[in-house]
Amino acid sequence: MMDRLNIIVAGGGITGVSTAEWLRRDGHDVTLIDRIPPGDSGQTSYGNAGILARCAVVPVPVPGVWKKAPKMLFDPNGPLFLRWSYLPKLLPWLIPYLRNGRRDKVEAIAEALMPLVGDTLEQHQALAKGTPAERWINTGDYSYFYPDRAAFQDDAFGFALRKAHGFEWEERDRDTLLEIDPHIGPAYGFAATFNGYGWIGDPGRYVADLAAWFEGQGGRMRQAEISEILPLEGGRAAVIADGERIEADRVVIATGAWSARLARALGHEPALETERGYHLWLRGPSIRPPHPYMLADAKFLATPMEAGLRCAGLVEFGGLDAPASDAPIELFKRQVRKLYPTLTWESEDTWLGHRPSTIDSLPLIGPSPKAPGVVFAFGAQHLGLTMGPKTGRLVADMIGGRNPNIDMTPYKVGRFDN
Ligand SMILES: Cc1cc2nc3c(=O)[nH]c(=O)nc-3n(C[C@H](O)[C@H](O)[C@H](O)COP(=O)(O)OP(=O)(O)OC[C@H]3O[C@@H](n4cnc5c(N)ncnc54)[C@H](O)[C@@H]3O)c2cc1C
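A short note on the overall build of the chain
(1) Moving on: Secondary structure summary: the chain contains 13 helices and 19 strands in total.
(2) Moving on: The C-alpha atoms of the chain give a radius of gyration of 21 Å, which matches the 22 Å a tight globule of 418 residues would have.
(3) Moving on: Considered along the principal axes of its C-alpha atoms, the chain spans approximately 65 × 45 × 40 Å.
(4) Moving on: Among the 418 residues that make up the chain, the fraction classed as buried is 58%.
(5) Moving on: A separation of at least 24 residues holds for 76% of the contacts in the chain among residues at least 6 apart in sequence.
(6) Moving on: Roughly 16,900 Å² of accessible area belongs to the chain as shown, and the carbon and sulfur atoms make up 51% of that amount.

Section: the pairing of strand E15 (residues 300-305)
(1) Moving on: With respect to burial, E15 is a largely interior element, 6 of its 6 residues being buried.
(2) Moving on: Side chains Phe 300, Ala 302 and Pro 304 project from E15 onto one buried face, and the interleaved Leu 301, Thr 303 and Met 305 project onto a second face that is buried too.
(3) Moving on: Relative to E15, strand E14 (residues 293-295) is paired through 3 bridges, and the arrangement is antiparallel. Each residue of the ladder has a partner; that of Tyr 293, found in E15, is Ala 302.
(4) Moving on: Following E14, the chain reverses through 4 residues before pairing antiparallel with E15; Lys 299 in that reversal takes a positive phi of roughly 60°.

Comments concerning the site of the ligand
(1) Moving on: Taken together, 33 residues lie around the ligand, and Asp 34, Gln 43, Ser 45, His 382 and Thr 386 are the ones closest in.
(2) Moving on: Measuring from an oxygen atom of the ligand, one finds a backbone N or O atom of Ile 14 at 3.3 Å.
(3) Moving on: One of the backbone nitrogen or oxygen atoms of Arg 35 is found 3.3 Å away from a nitrogen atom of the ligand.
(4) Moving on: Expressed as a share of its isolated accessible area of 1,000 Å², the protein-covered part of the ligand is 98%.
(5) Moving on: For the shell around the ligand, the secondary structure elements donating two or more residues are helix H1 (14-25), helix H2 (44-47), strand E13 (272-283), strand E17 (347-358) and helix H13 (384-400).
(6) Moving on: Its residues assigned to classes, the shell around the ligand comprises 13 nonpolar, 16 polar and 4 charged.
(7) Moving on: Three or more residues apiece are contributed to the shell around the ligand by two domains, here domain 1 (6-46 + 205-271 + 361-411) and domain 2 (58-102 + 137-198 + 272-357).

Structural notes on helix H4 (residues 87-99)
(1) Moving on: Look at H4: 17 Å from first C-alpha to last across 13 residues, which is about the 18 Å you get at 1.5 Å a residue.
(2) Moving on: Along its length, H4 reaches its greatest deviation from straightness, about 40°, at Trp 93, and the proline Pro 96 lies no more than four positions downstream.
(3) Moving on: Leu 90, Trp 93, Leu 94, Tyr 97 and Leu 98 are the residues of H4 that are buried.
(4) Moving on: At its buried positions, H4 is contacted by helix H3 (65-74), strand E4 (80-82), E13, strand E16 (308-317) and E17.

Things to note about the domain arrangement of the chain
(1) Moving on: Domain assignment breaks the chain into domain 1 (6-46 + 205-271 + 361-411) and domain 2 (58-102 + 137-198 + 272-357).
(2) Moving on: Each of domain 1 and domain 2 has a C-alpha centre, and these two points are 29 Å apart.
(3) Moving on: With both chains or domains summed, domain 1 and domain 2 bury close to 1,500 Å², and 62% of this area falls on carbon and sulfur atoms.
(4) Moving on: Looking at the side of domain 1 facing domain 2, the largest losses of area belong to Tyr 46, Ala 257 and His 382, adding up to 37% of the total buried there.
(5) Moving on: Where domain 1 meets domain 2, there are 0 salt bridges.
(6) Moving on: Our enumeration of links across domain 1 and domain 2 arrives at 9 residue pairs in polar contact (both at pLDDT 80 or more).
(7) Moving on: Looking at side-chain class alone, the side of domain 1 that touches domain 2 contains 9 nonpolar, 9 polar and no charged residues.

A short note on the sheet that holds strand E10 (residues 236-241)
(1) Moving on: The strand order E9-E10-E11 describes an open sheet built from 3 strands, whose pairing is antiparallel. The sheet is open, and its two edges are formed by strand E9 (226-232) and strand E11 (244-248), each paired on a single side. The sheet shows a mean angle of 20° between the axes of neighbouring strands, direction not considered.
(2) Moving on: Pairing geometry for E9 and E10, over 6 bridges, is antiparallel. Looking at E10, one finds that Ile 226 is bridged to Ala 241.

The rules we used
Residues numbered from 1 in each chain as written. Predicted model: local features only at pLDDT ≥ 70, side-chain atom pairs only at ≥ 80, totals over all residues. Heavy atoms only, no water. Helix = DSSP H or I, 4+ residues; strand = E, 2+ residues; numbered from the N terminus. Rg over C-alpha atoms; globule rule 2.2 N^0.38 Å. Buried < 20%, exposed > 50% of the residue type's maximum accessible area, 1.4 Å probe, protein only. Contact = heavy atoms within 4.5 Å. Areas by Shrake-Rupley, 256 points an atom, 1.4 Å probe, with all protein chains shown as cover. Pairing = 2+ DSSP bridges. Near = heavy atom within 4 Å. Polar contact = N/O pair within 3.5 Å; in protein donor to acceptor, adjacent residues only side chain to side chain. Nonpolar A, V, L, I, M, F, W, Y, C, P; charged D, E, K, R; others polar. Domains from an automatic or database assignment. Expected span 1.5 Å × (residues − 1). Bend = angle between axes of the 7 residues up to and from the residue. Buried area = accessible area lost by both parts, 1.4 Å probe. Salt bridge = Lys/Arg side-chain N within 4 Å of Asp/Glu carboxyl O. Axes fitted to C-alpha atoms, helices over the stretch in contact; angles between N-to-C directions.

In structure tokens form, the structure reads like this:
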């Protein structure tokens with residue numbers, strides 16, 4: 001029988017909640033600590049596009065990104081934004097990040113992403129089964145929208161990589177698209193559609209429901225700011241939470257884009273940056289897509305959600321503390337009207353979130369070689385909702401001494417250390 005350990009999970013987004021729940025199911029005594037309630041809009045897990053992106057093996061930097069990035073930055077309709085004052089801080093991360101867009105590196109990254117994303121729907125179903133969170137999981141198609149076939153062919157590298165990993169798609173011309181969704185405007189004439197996808201109808205409420213289930217089944221929750229994590233003798237660790245020292249057999253760091261400071265204090269370089277992203281949530285829309293659409297030219301998603309239509313995506317570099325910008329929201333409005341020229345809505349919410357992104361687009365999962373009682377679980381970039389439940393299982397396997405049955409080397413903690 002597995003030893004019953006006393007475990008603290010720091011961070012209650014999808015990664016932390018999934019990890020806490022799988023550890024609880026293993027019989028451990030688990031405390032989840034976050035400075036805000038799980039499902040709160042301050043989490044990245046609240047405002048994402050909701051996609052369980054099973055074929056997302058293609059990282060953002062791909063061959064040719066060096067040429068495309070400046071154009072995206074200066075085009076007022078481009079999906080990339082930069083707060084220029086942040087550039088000096090960003091460069092040490094940005095240069096190696098872009099260098100990882102080399103073909104051989106991207107192929108290796110895709111290989112390592114596959115075990116984390118390929119079975120995402122099954123992983124979410126297994127986590128949520130029998131809990132109130134189950135109701136938020138939708139299944140159906142997922143389409144990449146392009147102005148025309150030529151624009152789709154510009155993305156041939158990414159689609160070839162998906163195919164190499166066993167993913168097939170259906171190509172739809174404008175007539176076929178209009179049969180399925182007659183509201184689509186003339187700006188879009190081609191789509192590549194994958195089936196067997198999943199999406200979450202309200203990611204914030206999904207996380208809140210999972211956390212409530214965890215607590216209802218005997219897990220402990222505590223609202224506090226963790227200022228420090230301390231390695232202890234015997235492979236144990238402690239946290240300082242709102243000034244109070246709490247010891248545990250293991251501490252899991254699942255604090256998303258805010259993890260760098262805690263990791264550095266343990267002597268690790270996490271190579272982590274926030275890729276800021278936005279959403280525009282249209283309540284009471286006159287039109288909803290039948291399934292999520294990725295507007296490939298605009299780099300954002302239009303996802304049908306329980307409470308309306310959510311446009312989510314884009315990338316802005318500017319750090320964790322700068323306020324939200326207006327330009328991304330204006331871009332959503334212009335582009336969603338290109339998708340649906342007759343769209344109207346009753347009210348809207350806007351949101352800024354922080355993707356936790358490493359220079360090799362892979363998370364850090366596993367024990368710290370410098371502090372063995374501390375386990376890392378962050379860095380899931382654009383795919384944290386997709387990977388959360390699987391990450392939780394892998395952490396529970398590692399803590400429980402079970403073989404995770406996948407090669408964990410690509411996610412190794414310490415791989416960016418000097
Ligand atoms: C616009 C946008 C769209 C996206 N769309 C998708 C998508 O469709 N599919 C997908 O898979 N992913 C998507 N993502 C990415 C995904 O949302 C993130 O990767 C994921 O939410 C990260 O989850 P997390 O649990 O690691 O971090 P978070 O959800 O950010 O949670 C971290 C938690 O740690 C807490 N915390 C931090 N520091 C401390 C501290 N010192 N003490 C106490 N608590 C602390 C925070 O309060 C927070 O609650 C999107 C992201 C954005 C921005």
